[in-house]
Amino acid sequence: MVKIMAYDPEQAVFKQEVEALTKPVLTIDEKPKSVFETLYYALQLTLVDFSPFIWATAFVAMAGLPESVTPSMISYCFIGVFVATMIQTTLGNRLPVVQLPSVPIFINMASIAKTYPYGLTTAWGAAFAGGVIEGLFGASRVLTVLRKFMPPVVVGSVVATIGFVITRISLSWVFAIPDALHLSLGIISFLFALFLRFKLKGLISRGFVLISILIVGIIGGTVLGIFDWGSVARAGWVSLPKLFPFKGYDGATSPLIISFSAILLVLTGYACSMFESIGDYAAVCTAAAEPYKVKHMNRGIAAEGFSCALCSLFGGLPVTSASQNAGIIASTGIASRVVTQTAAFIFLLYGLCPKFTTILAAIPKSVIGGAFIISAGLILLSGINTVMSDIKNNFGNMIVAGVTLGISVMMPYYLNLDRSAWLGTLHPFVKLYLTNNVFLAVTVGIVSNLLINYVFYNKNQ
């Protein structure tokens with residue numbers, strides 16, 4: 001029986017201190033020495049966390065909206081990233097976490113927008129209500145209970161799973177256009193990033209991702225004729241936000257329509273996002289050599305939820321923590337919260353100036369993926385290092401780690417191979433759960449730890 005103690009925001013999620021794989025160059029509360037250095041690291045962070053462009057475009061297509069909506073949607077999402085990241089880093093858990101559009105949530109929103117009467121207004125009404133519910137859930141401190149069920153073996157398994165996810169994302173970018181030219185650029189970007197990281201020192205070494213992407217992606221892409229400067233020239237300079245930008249777009253007279261059934265559907269995405277964020281916070285803390293405390297969970301989820309509600313008022317997609325953050329912190333050693341906040345302002349610039357957005361969007365994805373493989377590998381090893389610290393002379397924990405990693409990594413892969421017809425027959429929440437690596441890792445890790453270490457396995461035998 002696990003005894004639940006009084007709430008202490010400073011108490012660690014797990015008792016045993018987990019050491020970072022590498023020591024940060026700048027810790028969470030430290031600042032870079034100059035404005036240039038701050039901008040340098042922040043720009044690098046935005047290049048890795050550039051998914052608002054991708055997910056906004058995907059949402060427009062999935063919701064059946066005309067392509068003319070895409071530029072506005074991209075701007076709204078970048079502005080939402082700015083708002084949510086600033087709230088998280090100043091009022092929330094105060095970790096160096098970038099908040100990016102949540103795939104599980106916007107997939108459900110797209111389904112609502114496509115099938116409900118006044119679908120777009122209903123989708124944003126559900127997103128607003130879901131964000132408020134998530135915020136209240138975090139503020140209620142219910143998540144404090146979870147810390148008793150998350151020893152290092154569980155958290156390490158979750159972090160390692162995130163490393164697998166980031167590696168998959170990196171490789172999907174490398175093979176986004178599977179031709180010899182783009183694959184070659186991905187390999188060159190990877191090798192050049194390795195050279196910068198290990199053969200050079202100082203700012204160049206810590207900015208290896210940024211430099212590799214800019215030189216190989218923009219300069220190399222221009223020389224090879226695959227960087228689209230025409231789209232940059234056609235993009236506008238300024239795009240200002242406004243409240244309820246989609247009001248009346250689908251014929252609805254209300255800026256938001258609150259539908260109970262739509263809220264229930266969106267909440268399945270929010271549940272997935274919350275569990276994913278809990279794992280991401282652990283990964284960021286591990287990479288930044290910061291103790292993972294219960295306040296990080298509660299305040300983080302509260303800030304994330306209320307940020308989602310706020311973003312929906314400006315037309316941005318609901319957000320969740322970016323798994324890539326842990327990877328970039330582990331590989332560069334830059335965990336400074338000031339850098340993350342500066343990156344948030346650069347995201348705002350992207351949202352207000354489509355021309356900047358278009359420049360970054362024109363960089364070949366294979367280049368970004370190649371440079372980021374290094375970061376993905378480091379966070380994967382950070383998770384494994386955490387697991388190894390908790391399985392010594394403990395056969396039960398070995399089983400917990402093996403079961404958690406095996407199921408969370410392989411089940412989504414297996415189900416996506418040739419089970420799409422069967423997946424289509426499942427409830428949307430069940431489908432999201434079975435195909436989301438991080439959601440699986442958190443839940444399977446907690447349940448398997450309870451069953452193995454508290455029910456079936458006697459540690460003294």
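Details of the structure are given in the entry above.
Residues numbered from 1 in each chain as written. Predicted model: local features only at pLDDT ≥ 70, side-chain atom pairs only at ≥ 80, totals over all residues. Heavy atoms only, no water.

## A look at the environment of Val367
Here Val367 shows up in helix α16 (residues 365–388). Judged by relative accessible area, which is 0%, Val367 ranks as buried. Separated by 154 residues in the primary sequence, Val367 and Ile213 place their C-alpha atoms 6.0 Å from one another. If we ignore the near neighbours within four places in the chain, the residues touching Val367 are Leu185, Gly186, Ser189, Ser212, Ile213, Val216 and Gly217. (Helix = DSSP H or I, 4+ residues; strand = E, 2+ residues; numbered from the N terminus. Buried < 20%, exposed > 50% of the residue type's maximum accessible area, 1.4 Å probe, protein only. Contact = heavy atoms within 4.5 Å.)

## Some remarks on the nonpolar core
Grouped together as the largest cluster of nonpolar side chains are 117 residues, with contacts concentrated most on Phe59, Met73, Met109, Trp124, Ile213, Ile278 and Ile363. Of all the elements, helix α11 (residues 260–287) adds the most residues to this core, at 13 residues. Membership of the second largest hydrophobic core comes to five residues, among which are Ile79, Met86, Ala344 and Leu348. (Core = buried A, V, L, I, M, F, W, Y, C linked by side-chain atoms within 4.5 Å.)

## So, the packing of helix α14 (residues 337–352) against helix α15 (residues 354–361)
As a packed pair, α14 and α15 sit with axes 5 Å apart at the nearest point and diverge in direction by 105°. Relative to α15, α14 is oriented roughly perpendicular. Between α14, through Leu349, Tyr350, Gly351 and Leu352, and α15, the contact on the second element is made entirely by Pro354, Phe356, Thr357 and Leu360. Of the residues contributing to the contact of α14 with α15, the split by class is six nonpolar, two polar and no charged. (Axes fitted to C-alpha atoms, helices over the stretch in contact; angles between N-to-C directions. Parallel < 35°, antiparallel > 145°, perpendicular 65-115°, else oblique. Nonpolar A, V, L, I, M, F, W, Y, C, P; charged D, E, K, R; others polar.)

## Section: the pattern of salt bridges
A complete count under the given rule lists one salt bridge for this structure. When the shortest N-O distance is used, the salt bridge between Arg337 and Asp29 registers 2.7 Å. Taken together, the positions of Arg337 in helix α14 and Asp29 in the segment before α1 (35–48) put the pair 308 residues apart, joining distant regions of the chain. Using a relative accessible area of 9% as the deciding quantity, one classes Arg337 as buried. Classification of Asp29 as exposed rests on a relative accessible area of 57%. (Salt bridge = Lys/Arg side-chain N within 4 Å of Asp/Glu carboxyl O.)

## Focus on the packing of aromatic side chains
Within a pair of aromatic rings, the relevant descriptors are the distance that separates the centres and the angle that separates the planes. Enumeration according to the criterion identifies seven aromatic pairs in this entry. On the basis of an interplanar angle of 25° and a centroid distance of 5.9 Å, the ring pair of Phe36 and Tyr40 is categorised as stacked. Residue Phe36 and its partner Tyr40 are located together in helix α1, separated by four residues, close to a single helical turn. For Tyr40, a relative accessible area of 13% translates into the label buried. Geometry around Phe198 places Arg197 over its ring, the cationic atom sitting 5.7 Å from the centre. Looking at Lys355, its charged tip hangs above the ring of Trp237, at a distance of 4.9 Å from the centre. (Phe/Tyr/Trp six-rings, centres within 6.5 Å; stacked < 30°, edge-to-face > 60°. Lys NZ or Arg CZ within 6 Å of the ring centre and 35° of its normal.)

## Notes on a nonpolar patch on the surface
On the surface, a nonpolar cluster with roughly 450 Å² of combined accessible area is contributed by Leu181, Ile215, Ile219, Val223 and Leu224. Sort the elements by how many residues they give to the nonpolar patch and helix α9 (residues 208–224) lands first, with four residues. Its place among the elements puts Ile215 in helix α9. (Patch = residues over 30% accessible without salt bridge, like charges linked within 9 Å, V, L, I, M, F, W, Y side chains within 5 Å. Areas by Shrake-Rupley, 256 points an atom, 1.4 Å probe, with all protein chains shown as cover.)

## A look at the packing of helix α13 (residues 324–332) against α16
Two numbers describe how α13 lies on α16: the axes approach to 8 Å, and their chain directions differ by 95°. Put simply, α13 runs roughly perpendicular to α16. Judged by residue contacts, Gln324, Ala326, Gly327, Ile328, Ala330 and Ser331 of α13 engage Phe372, Ser375, Leu378 and Ile379 from α16. Partitioned by chemical class, the residues of the contact of α13 with α16 number six nonpolar, four polar and no charged.

## Let's talk about the environment of Thr358
By the element assignment, Thr358 lies in helix α15. With a relative accessible area of 17%, Thr358 lands in the buried category. A sequence separation of 271 residues divides Thr358 from Ile87, and the C-alpha atoms of the two residues are 26 Å apart. Contact partners of Thr358, with chain neighbours within four places excluded, come to Ser231, Val232 and Ala235.

## Some thoughts on unusual backbone geometry
Backbone geometry at Arg94 places phi at a positive 60°, although glycine is not the residue there. Located in the positive-phi region is Ala289, a residue other than glycine, with phi close to 55°. Checked against the element boundaries, Ala289 lands in the loop between α11 and α12 (294–313).

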